[in-house]
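Structural description and commentary
As a plain string of letters, each chain reads:
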Amino acid sequence: GGEWFSRVSFDLAGDHLPMTVVPRIDVAPLLEGRDIEQVAENIDRACRDVGFFSVVNHGVDPTLCARLDALAREFSARPETEKQRVAMIHAGTAWRGWFPLHGELTSGTPDHTEGYYFGRELGPEDPRVRARVPLHGPNPWPDDTEGLRPGLVEHRGALENRAQEPARPPPQQRGPRHQTVPG
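We now turn to the structure provided with this report. (Residues numbered from 1 in each chain as written. Predicted model: local features only at pLDDT ≥ 70, side-chain atom pairs only at ≥ 80, totals over all residues. Heavy atoms only, no water.)

Overview of the pattern of salt bridges
Stated precisely, the cut-off is as follows: By convention in these notes, a salt bridge is any Lys or Arg side-chain nitrogen within 4 Å of a carboxyl oxygen on Asp or Glu. Numbering of helices and strands runs from the N terminus, with a helix taken as a DSSP run of H or I at least four residues long and a strand as a DSSP run of E at least two residues long.
For the coordinates displayed, the defined rule picks out 13 salt bridges. Among the salt bridges present, the one from arginine 34 reaches glutamate 32, with a minimum N-O distance of 2.6 Å. The salt bridge partner of aspartate 44 is arginine 48, with a shortest N-O separation of 2.8 Å. Of this pair, aspartate 44 and arginine 48 are both found in helix α2 (residues 36-49), 4 residues apart, which corresponds to roughly one turn of the helix. Here the salt bridges share partners, and the residues they tie into one network are Glu32, Arg34 and Asp35.

Below, the structure written as structure tokens:
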């Protein structure tokens with residue numbers, strides 16, 4: 001139900017960008033094993049037309065999502081000198097940490113975004129970290145023990161748990177896996 005998109009506008013350093021469509025993909029049908037093709041079509045259309053999308057009705061506690069939003073906004077509001085301490089440049093091939101506005105390129109063009117990449121918590125003993133496998137390494141965290149780190153780790157864990165839960169099969173595939181023939 002409802003529209004599959006929401007409309008937002010961005011204002012970066014006083015430069016107003018035109019109204020942009022941010023698709024909102026409702027994944028509740030996937031979790032219920034119905035309308036799989038329609039959800040897949042919506043995701044495909046969002047990726048082709050816009051390049052990204054927002055997921056709604058994913059089953060993760062909305063309080064947890066709101067907490068992460070508040071923590072991310074708080075971190076973004078910090079002085080750049082403080083954020084620089086956890087910059088991606090310090091993480092090497094792990095490709096984790098903060099990057100500044102226009103600090104990331106897409107097809108050679110600076111993005112109008114600021115961000116923070118992080119991944120599953122991997123310590124120095126992890127074989128992939130020891131082998132220096134790209135995109136595997138420790139996350140650089142700010143010094144605040146009550147802030148961003150616990151919020152991101154908890155949210156990522158909730159997403160991983162939700163993603164590993166089996167979706168219900170489509171209605172035509174429900175039923176016993178093995179049928180016995182009376183004999």
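Side note on the packing of aromatic side chains
Counted only if it meets this: Aromatic pairing here means that ring centres of Phe, Tyr or Trp (its six-membered ring) are within 6.5 Å. Orientation follows from the plane angle: under 30 degrees is stacked, over 60 is edge-to-face, and everything else is tilted. Under the scheme applied here, a residue whose accessible area is under 20% of the maximum for its type counts as buried, over 50% as exposed, and between as partly exposed, the area being computed with a 1.4 Å probe on protein chains only.
Throughout the structure, instances matching the rule amount to 4 aromatic pairs. Residues phenylalanine 75 and tyrosine 116 carry aromatic rings whose centres are separated by 5.3 Å and whose planes lie at 85° to one another, so their mutual orientation is edge-to-face. One end of the pair, phenylalanine 75, is in helix α3 (residues 62-76); the other, tyrosine 116, is in strand β9 (residues 115-117), with 41 residues separating them in the sequence. Residues phenylalanine 75 and tyrosine 116 agree in their burial class; the two are buried. Between tyrosine 116 and tryptophan 141 the ring centres are 6.2 Å apart and the planes differ by 25°, which places this aromatic pair in the stacked class. Residue tyrosine 116 is found in strand β9, and its partner tryptophan 141 is found in the loop between α5 (127-130) and α6 (148-164); the two are separated by 25 residues along the sequence. You'll find tyrosine 116 and tryptophan 141 in the same group, each marked buried. By way of ring pairs, the aromatic residues Phe75, Tyr116, Phe118 and Trp141 are connected into one cluster.

A few points about the environment of phenylalanine 118
If you trace the backbone, phenylalanine 118 turns up in the loop between β9 and α5. Considering only alpha carbons, one finds phenylalanine 118 and glycine 137, 19 residues apart in sequence, at a separation of 9.5 Å.

Topic: the nonpolar core
Taken as a class, soluble globular proteins show a tendency for nonpolar side chains to be buried jointly. The test is simple: Residues belong to one nonpolar core when they are buried, are Ala, Val, Leu, Ile, Met, Phe, Trp, Tyr or Cys, and are joined through side-chain atoms within 4.5 Å.
Formed by Leu68, Leu71, Phe75, Val86, Ala87, Trp98, Tyr116, Trp141, Leu148 and Leu152, the largest nonpolar core amounts to 10 residues. No other element matches the 3 residues that α3 contributes to this core.

Some words on the environment of aspartate 126
As for its position among the elements, aspartate 126 is in the loop between β9 and α5. Overall, aspartate 126 belongs to the buried group, its relative accessible area being 12%. Taking C-alpha positions, aspartate 126 is 8.4 Å from glycine 137, a pair spaced 11 residues apart along the chain.

Considering unusual backbone geometry
Look at aspartate 35: it is not a glycine, yet its phi comes out positive at around 55°. One can find aspartate 35 in the loop between α1 (28-31) and α2. Taking the relative accessible area as the measure of exposure, aspartate 35 reaches 44% and is therefore partly exposed. In this structure, histidine 102 is a non-glycine residue whose phi angle is positive, near 70°. Among the secondary structure elements, histidine 102 is positioned in the loop between β6 (97-99) and β7 (105-106).

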